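Coordinates in review
Below are the chains, spelled out letter by letter.
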Amino acid sequence: MGFWDVVFGRSKPVGPDLDQLFGLPSAAITLQASAGFTPTGAGSVCFASIEGGAFTQVQEEVRALLDADSERPGPPVEFSRDDYGYSWLLSHRTPGTDGLPALVGDLHAVNSALQDSGFGPQLLCSLVAFRDAEERRLALVYLYKRGAFYPFAPLPGNKRDNPLELQVRAAVADDLRIEQDLSRWFPLWGAPGQ
């Protein structure tokens, strides 16, 4: 940060730190103890697609890498495109805290492969889905460009459970770097894996 940044009150934004994803297993234990939420075994990565052979090759390499895991339950890794034109890679693992480390490894591998191939600017976010005994949904969302997480708790009718999101923020603040700017807590309606 330069002299003029200090004078004008500008700060340098935190950059991506994919190792932040490895804080999710401890955050999941905290969430289960404090609010009764457990991982569903689903997680996804969202990125802006680019046309071209190099990007297609990276997508196929990621799919082959993750599909090669013989311990993966259920369907293989799935690619989809949402209504806004963003691509999603959905990974399934064993529900609960036991399967979360493998799911986090999947998400980290996808993000790393895209970043290492020069497609880091196309990465938007990663999310891990949770549910509680009342079937309330929750996602912990990692914003790639901000290097921080935020909770997203959707309700029917494209509404959000803001009190729950704030409760989760407080609960996992010691486990994860939380995005402080609430205007960046974007809704992810219909995100794969939720």
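We now turn to the structure provided with this report. (Residues numbered from 1 in each chain as written. Predicted model: local features only at pLDDT ≥ 70, side-chain atom pairs only at ≥ 80, totals over all residues. Heavy atoms only, no water.)

What to know about the packing of aromatic side chains
- Scanning the entire structure with this criterion turns up 4 aromatic pairs.
- With 6.5 Å between their ring centres and 80° between their planes, Phe-47 and Phe-79 make a pair best called edge-to-face. Note that Phe-47 is positioned in strand β1 (residues 38-48) and Phe-79 in strand β2 (residues 78-81), a separation of 32 residues in sequence.
- Judged by its relative accessible area of 1%, Phe-47 is buried.
- Measuring from centroid to centroid gives 6.0 Å for Tyr-150 and Trp-185, while their planes differ by 20°, and the two rings are stacked. Of this pair, Tyr-150 sits in strand β6 (residues 148-152) while Trp-185 sits in the segment after α5 (162-172), and the two are 35 residues apart along the sequence.
- Tyr-150 gets classed as buried once you look at its relative accessible area, which sits at 1%.
- In this structure Trp-185 comes out as buried when scored by relative accessible area, which is 5%. (Phe/Tyr/Trp six-rings, centres within 6.5 Å; stacked < 30°, edge-to-face > 60°. Helix = DSSP H or I, 4+ residues; strand = E, 2+ residues; numbered from the N terminus. Buried < 20%, exposed > 50% of the residue type's maximum accessible area, 1.4 Å probe, protein only.)

Some details on the environment of Leu-89
- Relative to the helices and strands, Leu-89 resides in strand β3 (residues 86-92).
- For Leu-89, a relative accessible area of 1% translates into the label buried.
- Counting along the chain gives 43 residues from Leu-89 to Cys-46, while the straight-line C-alpha distance between them is 6.7 Å.
- Apart from the residues within four sequence positions on either side, Leu-89 is in contact with Gly-43, Ser-44, Val-45, Phe-47, Val-62, Leu-66, Val-77, Glu-78, Phe-79 and Val-110. (Contact = heavy atoms within 4.5 Å.)

Looking at the side chain of Glu-179
- With respect to the element layout, Glu-179 can be found in the segment after α5.
- With sequence-adjacent residues up to four places away left out, Glu-179 is seen in contact with Leu-143, Arg-146, Ala-148, Phe-149, Arg-184 and Trp-185.

What to know about the pairing of strand β4 (residues 123-131)
- Counted residue by residue, β4 has 7 buried out of 9 residues, so it is predominantly covered.
- As paired strands, β1 and β4 are joined by 7 bridges and run antiparallel to one another. For Pro-39, the partnering residue across the bridge sits in β4 and is Phe-130.
- Both β4 and strand β5 (residues 137-143) contribute to a ladder of 7 bridges, which runs antiparallel. Along β5, the bridge assignment pairs Ser-126 with Tyr-142.
- Between β4 and β5, which pair antiparallel one after the other, the connecting turn spans 5 residues, and Glu-135 there sits at a positive phi close to 65°. (Pairing = 2+ DSSP bridges.)

Digging into unusual backbone geometry
- One non-glycine residue, Glu-135, lies in positive phi territory at about 65°.
- Here Asn-158, not a glycine, exhibits a phi torsion of approximately 55°, which is positive.

Comments concerning the packing of helix α2 (residues 24-35) against helix α4 (residues 100-119)
- Running from N to C, α2 and α4 point in directions that differ by 140°, and their axes come no closer than 9 Å. The angle between α2 and α4 places the two elements in the oblique class. Here the hand of the crossing between α2 and α4 comes out right-handed. Here Leu-24, Pro-25 and Ala-28 of α2 come into contact with α4, specifically with Leu-100, Pro-101 and Val-104.
- When its residues are assigned to classes, the contact of α2 with α4 shows 6 nonpolar, no polar and no charged. (Axes fitted to C-alpha atoms, helices over the stretch in contact; angles between N-to-C directions. Parallel < 35°, antiparallel > 145°, perpendicular 65-115°, else oblique. Left-handed = near helix turned anticlockwise from the far one by under 90°. Nonpolar A, V, L, I, M, F, W, Y, C, P; charged D, E, K, R; others polar.)

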